[in-house]
Protein chains: 2
Amino acid sequence: MKIIVDLKERSYPILIERKALYHIQDVIDTNRKIAIICDDFIPDTWIEIVKSQCPNSMVFKFPQGENSKCIQQFQYLLEQCIQFQMTRKDAIIAIGGGVTGDLAGFVAASYMRGIDFYNIPTTILSQVDSSVGGKVAIDMGSYKNIVGAFYQPKGVLIDPDVLSTLSIRQQHNGLVEALKMGLILDEKLVEAFEQDVLDLEYIISRSIDLKRIIVEQDEKESHLRKILNFGHTIGHAIESAYGLDTYYHGECVAMGMLFFIKDKDLKQRVLKIYESLSLPVVPDYDVDVLMNCIVHDKKSSEKTVSIISIEKAGQYKIEEMSYNLIRDILERGPYEK
Amino acid sequence: MKIIVDLKERSYPILIERKALYHIQDVIDTNRKIAIICDDFIPDTWIEIVKSQCPNSMVFKFPQGENSKCIQQFQYLLEQCIQFQMTRKDAIIAIGGGVTGDLAGFVAASYMRGIDFYNIPTTILSQVDSSVGGKVAIDMGSYKNIVGAFYQPKGVLIDPDVLSTLSIRQQHNGLVEALKMGLILDEKLVEAFEQDVLDLEYIISRSIDLKRIIVEQDEKESHLRKILNFGHTIGHAIESAYGLDTYYHGECVAMGMLFFIKDKDLKQRVLKIYESLSLPVVPDYDVDVLMNCIVHDKKSSEKTVSIISIEKAGQYKIEEMSYNLIRDILERGPYEK
């Protein structure tokens with residue numbers, strides 16, 4: 001199926017199709033210089049499949065992991081583009097997870113003030129979370145996504161077959177973002193997680209389509225798009241403070257969401273889903289450490305933070321919460337009955 | 001006078017007014033955190049005038065000169081913004097010439113994926129050239145403006161009184177960009193340069209208004225805006241190869257324009273204007289060295305370069321020239337009769 005993200009002159013298609021990797025020309029004009037950017041853990045066979053369809057291409061690799069979302073790798077990749085003598089009319093293809101899309105996307109946004117960018121996300125998380133939205137960025141020290149751009153890809157290509165190489169933990173990590181979309185906007189999607197066998201293609205394409213609707217209404221995250229940050233305020237803080245080597249991003253978001261699900265029955269349903277996905281429980285944390293992360297996090301402005309909370313499945317609320325209130329919520333903990 | 005650059009939701013005002021420095025609130029909402037970015041040669045009195053109007057501000061300085069348009073200064077300034085705990089709702093004010101606007105503008109474009117950016121250009125060149133257009137960038141090695149963004153300021157403030165501290169050479173350097181606008185689009189503006197006493201305010205505001213018309217029609221430099229590159233192809237090459245320590249940017253553009261003024265009488269008029277502005281003559285150059293710079297320059301794509309040439313004052317032509325043709329033109333030299 002093909003979903004068109006309608007952002008006027010920045011509109012682009014998302015192709016979701018088994019074996020899409022074998023006919024990237026459906027989405028990508030490969031008749032120019034192409035820099036294929038990926039980490040050093042991506043299977044060579046995938047790189048070869050893509051490269052064989054790009055007659056004038058080079059592959060630029062960076063070390064796997066969040067640590068590569070840094071200014072040094074950003075600089076390294078830009079230098080590679082210069083050496084390859086790429087012009088404004090050439091393009092970058094990212095193959096990989098969220099780190100790859102964020103890093104390669106910011107390189108594409110900045111090289112010569114922006115060249116065409118295509119994304120081939122290979123994890124559930126990046127398919128659901130970052131294939132729609134155009135948010136690209138790198139980190140600085142412990143500040144996640146502090147430097148970046150809103151830069152829409154020219155096209156996104158999702159081949160569900162590539163997911164088969166992911167570990168179960170990676171798959172479940174990604175499914176958290178899909179569950180998040182359900183909790184905010186669509187009870188049916190939440191129910192899809194309560195089936196004995198998960199229909200992955202339904203869950204992925206439904207989540208992407210929900211996110212598309214949001215982003216189309218608010219490309220620059222000025223109001224409505226904030227709701228996608230559900231779970232991220234505390235989730236990011238846990239990730240920054242305790243998670244970078246221990247937890248996956250989605251696992252931290254799952255933890256963060258628990259604090260703001262108000263309906264008790266819904267929280268029990270969600271905890272059951274977490275159990276079925278073998279998600280980790282929230283670790284013991286130091287309230288001061290997490291508060292410090294939250295204050296420095298980019299969603300905060302002055303003395304309040306925009307918090308998304310869920311009343312019932314598919315029903316959200318945006319609240320401006322004071323730091324004191326957040327501290328209170330952290331002190332009460334996520335499992336409060 | 002106030003010129004509004006109409007770019008829909010990215011529209012912004014340019015205030016051109018003596019003593020405008022003393023009431024920046026006409027253009028800038030100063031009731032938030034403000035990072036004032038400037039080089040270490042800007043007079044302290046100007047910084048103080050601006051800072052005294054921003055109750056919650058800090059000044060971040062970088063070493064004067066094109067060398068500061070580098071990834072290290074970019075990183076340094078971003079780190080200062082983080083330390084100042086700036087949020088998405090805060091703003092950056094640049095005070096200075098083109099280097100300052102380019103560097104501070106790219107910091108503003110990238111910090112948290114973009115915060116408000118205000119520019120107070122203090123040289124004729126930056127008032128005419130970079131106050132309209134939204135092109136921000138840094139260099140990498142010898143590649144000028146290779147990493148950057150199209151990022152419109154929220155407002156521009158031009159105080160003609162600050163020009164009095166510029167050297168005559170700096171003033172003349174800046175006037176080249178204004179002359180360029182005249183040569184492309186407006187014979188009247190060329191004639192303004194043939195007067196015994198130059199009317200600086202007329203020249204500056206007329207040039208800005210001409211540039212505004214171009215940028216409004218082509219924000220991302222996809223077609224029409226190319227004409228602003230008149231003189232830049234060879235000019236940039238001379239600047240990269242011989243100019244960084246010897247010539248100013250405008251002086252190099254002046255040299256670059258000579259190669260593409262087709263009408264002999266007009267070329268004589270222009271040479272006379274150059275003389276009155278004491279602009280340097282084109283130095284002896286190595287054709288191979290310049291060609292090498294041109295091939296790597298970002299305006300080139302594949303085997304041709306878009307060249308703007310002038311038939312008569314105010315009448316331009318866009319031509320796709322092969323590298324061989326450019327080489328030929330370089331071999332014939334700029335003073336060919």
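Residue numbering note: each chain is counted from 1, following its sequence as written. Chains and ligands are labelled by the order in which they are written, letters from A for the one and numbers from 1 for the other. This being a predicted model, a pLDDT of at least 70 is required before a residue's local features are given, and a value of 80 or more before pairs of side-chain atoms are given or counted; all residues contribute to the totals for chains, interfaces and linings. Excluded from the side-chain calculation are hydrogens and water; included are all heavy atoms of the structure.

(A) Geometry of the overall build of chain A. Helix numbers and strand numbers start at the N terminus; a helix is a DSSP run of H or I with at least 4 residues, a strand a run of E with at least 2. Each helix and strand counted, chain A has 12 helices and 12 strands in total. Our radius of gyration looks at C-alpha atoms and nothing else; its globule reference is 2.2 Å times the residue count to the power 0.38. Taking 2.2 N^0.38 as the reference for a compact globule, 337 residues should give roughly 20 Å; the C-alpha atoms of chain A span a radius of gyration of 19 Å, in line with that estimate. By its C-alpha atoms, chain A is 60 × 40 × 35 Å across when sized along the principal axes. Within the span of chain A, comprising 337 residues, buried residues form 62% of the whole. For chain A, the exposed surface amounts to about 13300 Å²; the carbon and sulfur share of it is 48%. Charge counting treats Lys and Arg as positive and Asp and Glu as negative, with His and both chain ends excluded. Here the site of a charge means atom NZ of a Lys, CZ of an Arg, CG of an Asp or CD of a Glu. Distance from the positive charge centre (38 side chains) to the negative charge centre (48 side chains) of chain A: 4 Å. Each residue is placed in one exposure class: buried if its accessible area under a 1.4 Å probe, protein chains only, is under 20% of its type's maximum, exposed if it is over 50%, and partly exposed if it falls in between. Computed with a 1.4 Å probe, the accessible areas rest on the Shrake-Rupley method; for each residue, only the protein chains presented here act as cover.

(B) Seen up close, a positive patch on the surface. In this analysis, a patch consists of residues with relative accessible area above 30% that form no salt bridge, clustered at 9 Å for like charges and at 5 Å for the nonpolar side chains Val, Leu, Ile, Met, Phe, Trp and Tyr. By definition here, a salt bridge exists when the distance from a side-chain nitrogen of Lys or Arg to a carboxyl oxygen of Asp or Glu is within 4 Å. A cluster of basic side chains, namely A:Lys154, A:Lys220, B:Lys154 and B:Lys220, defines a positive patch on the protein surface. For B:Lys220, the position within the fold is in the loop between α7 (200-217) and α8 (232-243). Owing to a relative accessible area of 46%, B:Lys220 belongs among the partly exposed residues under this scheme.

(C) Up close: the packing of aromatic side chains. Ring pairs shown here join Phe, Tyr and Trp side chains whose ring centres sit within 6.5 Å, with only the six-membered ring taken for Trp; geometry is labelled stacked below 30 degrees between planes, edge-to-face above 60, and tilted in between. Taken as a whole and judged by the stated rule, the model has 6 aromatic pairs over all chains. Ring geometry for A:Phe259 against A:Tyr285: centres 6.2 Å apart, planes inclined by 55°, an arrangement best described as tilted. One end of the pair, A:Phe259, is in the loop between α9 (249-258) and α10 (264-276); the other, A:Tyr285, is in the loop between α10 and α11 (287-296), with 26 residues separating them in the sequence. In terms of burial, A:Phe259 and A:Tyr285 fall into one category: buried. On the numbers, 4.5 Å between centres and 15° between planes, the contact of B:Phe74 with B:Phe106 is stacked. In this pair, B:Phe74 sits in helix α2 (residues 71-83) while B:Phe106 sits in helix α3 (residues 98-110), placing the two residues 32 residues apart along the sequence. Of the two residues, B:Phe74 and B:Phe106, both sit in the buried class. Over the face of the ring belonging to A:Tyr248 we find A:Arg169, whose NZ or CZ atom lies 4.1 Å from the ring centre. Two conditions define a charge sitting above a ring: the NZ of Lys or the CZ of Arg must be within 6 Å of the ring centre, and it must be within 35 degrees of the ring normal.

(D) Examining the relation of the copies chain B and chain A more closely. Residues reaching a pLDDT of at least 70 in both copies supply the C-alpha atoms on which the copies are superposed by least squares. Between chain B and chain A, which share one sequence, the superposing operator has a rotation angle of 180° and an axial displacement of 0.0 Å; the RMSD is 0.0 Å. Taken together, these values place the two copies in the relation of a two-fold axis. By the convention used here, residues are in contact when the closest approach between their heavy atoms is within 4.5 Å. Most of the interface of chain B is mirrored in chain A: 97% of its interface residues are interface residues there too.

(E) Local environment of the pairing of strand β6 (residues 116-121) of chain B. Residue and element names in this part refer to chain B. Taken across its 6 residues, β6 has 5 buried, putting it largely inside the fold. DSSP bridges decide pairing: two strands pair if at least two such bridges lie between them. Judged from the 6 bridges that link them, strand β5 (residues 91-96) and β6 form a sheet pairing that is parallel. Paired with Ile 95 across the two strands is Ile 120, which belongs to β6. Since β5 and β6 lie parallel, the crossover through α3 that links them has a hand, and here it is right-handed. Bridge count for β6 against strand β9 (residues 155-158) is 2 bridges, and the pairing is parallel. Of the residues in β9, the one forming a bridge with Asn 119 is Val 156. Orient the strands so they point away from the viewer; a crossover is then right-handed if the path from the first strand over the helix to the second runs clockwise.

(F) Spotlight on the sheet that holds strand β2 (residues 12-16) of chain A. Residues and elements named next belong to chain A. Sheet architecture is open: 7 strands sit in the order β1-β2-β9-β6-β5-β3-β4, paired in mixed fashion. Each edge of the open sheet carries a strand with a single partner, namely β1 (2-5) and β4 (57-62). The sheet shows a mean angle of 20° between the axes of neighbouring strands, direction not considered. The sheet contacts of helix α1 (residues 44-51) involve β3 (34-39), β4, β5 (91-96) and β6 (116-121), and relative to β4 the element is tilted by about 155°. Interaxial angle, 0 to 180 degrees, is taken between N-to-C directions of lines fitted to C-alpha atoms, where a helix line uses only the stretch in contact. Strands in contact with helix α2 (residues 71-83) are β3, β4 and β5; relative to β4, the strand with the most contacts, it is inclined by about 165°.

(G) Structural view of the interface of chain B and chain A. Taken residue by residue, the interface counts 36 residues in chain B and 35 residues in chain A. Joining two parts hides part of their accessible area as seen by a 1.4 Å probe, and the buried area is that hidden amount summed over both. Buried area between chain B and chain A, summed over both chains or domains, comes out near 3200 Å², and the portion from carbon and sulfur atoms is 58%. On the chain B side of the contact with chain A, B:Ile82, B:Arg88 and B:Arg113 bury the most area, a combined 23% of that side's loss. Any N or O atom pair separated by 3.5 Å or less is treated as a polar contact, with the protein-specific requirement of one donor-capable and one acceptor-capable atom, and with residues adjacent in sequence counted only for side-chain atom pairs. Counting across the interface, chain B meets chain A through 6 residue pairs in polar contact (both at pLDDT 80 or more).

(H) Geometry of the domain arrangement of chain A. Residue and element names in this part refer to chain A. All domain edges in this entry derive from an automatic or database-based domain assignment. The domain architecture assigned to chain A consists of domain 1 (2-165) and domain 2 (168-332). Here domain 1 and domain 2 have C-alpha centroids that lie 25 Å from each other. Facing 30 residues of domain 1, the contacting portion of domain 2 comprises 30 residues. With both chains or domains summed, domain 1 and domain 2 bury close to 2700 Å², and 63% of this area falls on carbon and sulfur atoms. Taken together, domain 1 and domain 2 are joined by 3 salt bridges. Counting every contact that joins domain 1 to domain 2 gives 5 residue pairs in polar contact (both at pLDDT 80 or more). Within the residue set of the side of domain 1 that touches domain 2, elements represented by two or more residues are β1, β2, α4 (124-129) and β8 (143-150). Of all the elements, α4 adds the most residues to the side of domain 1 that touches domain 2, at 5 residues. As a working rule, the residues Ala, Val, Leu, Ile, Met, Phe, Trp, Tyr, Cys and Pro are called nonpolar, Asp, Glu, Lys and Arg charged, and the rest polar, with Gly in that last group. Taken together, the residues of the side of domain 1 that touches domain 2 break down into 15 nonpolar, 8 polar and 7 charged.

(I) The arrangement of the side chain of B:Thr30 in detail. Residue and element names in this part refer to chain B. Tracing the backbone shows Thr 30 in the loop between β2 (12-16) and β3 (34-39). Looking at Thr 30, the relative accessible area reads 8%, which means it is buried. If we skip the residues at most four places from it in the chain, Thr 30 touches Ile 24, Gln 25, Gln 53, Cys 54 and Pro 55.

(J) Expanded view of the packing of helix α5 (residues 168-185) of chain B against helix α10 (residues 264-276) of chain B. Residues and elements named next belong to chain B. Where α5 contacts α10, the axes come no closer than 11 Å and their chain directions differ by 160°. In terms of orientation, α5 and α10 fall into the roughly antiparallel class. Along this stretch, α5 crosses α10, giving a crossing that reads as right-handed. Contacts between α5 and α10 involve His 172, Leu 179 and Leu 183 from the first element and Leu 266, Val 270, Ile 273, Tyr 274 and Ser 276 from the second. Class assignment of the residues belonging to the contact of α5 with α10 gives a composition of 6 nonpolar, 2 polar and no charged. The scheme is simple: roughly parallel for angles under 35 degrees, roughly antiparallel for over 145, roughly perpendicular for 65 to 115, oblique for anything else. Rotating anticlockwise by less than a right angle from the far helix to the near helix defines a left-handed crossing, while the corresponding clockwise rotation defines a right-handed one.

(K) Structural view of the state of the cysteines. Residue and element names in this part refer to chain B. The criterion for a disulfide is a pair of cysteine sulfur atoms lying within 2.5 Å. Inspection of the entire model under this criterion finds 0 disulfides over all chains. Its sulfur unpaired, Cys 54 is 12 Å from the next cysteine sulfur, which belongs to Cys 38. A relative accessible area of 2% means that Cys 54 is categorised as buried. Just so you know, Cys 293 is unpaired, no disulfide at all, and the nearest cysteine sulfur is the one on Cys 252, 11 Å from it. Judged by relative accessible area, Cys 293 falls into the partly exposed class, the value being 22%.

(L) The arrangement of the sheet that holds strand β1 (residues 2-5) of chain B in detail. Residue and element names in this part refer to chain B. The mixed open sheet is built from 7 strands, whose spatial order is β1-β2-β9-β6-β5-β3-β4. Each edge of the open sheet carries a strand with a single partner, namely β1 and β4 (57-62). Going from strand to strand, the sheet's axes swing by 20° on average, the running direction of each strand aside. One ladder, built from 3 bridges, connects β2 with β9; its direction is parallel. Bridged to Ile 14 within β9 is Val 156. The sheet contacts of α3 involve β3, β4, β5 and β6, and relative to β5 the element is tilted by about 170°. Against the sheet, α7 makes contact with β1, β2 and β9, and its axis sits at roughly 15° relative to β1, the strand it touches most.

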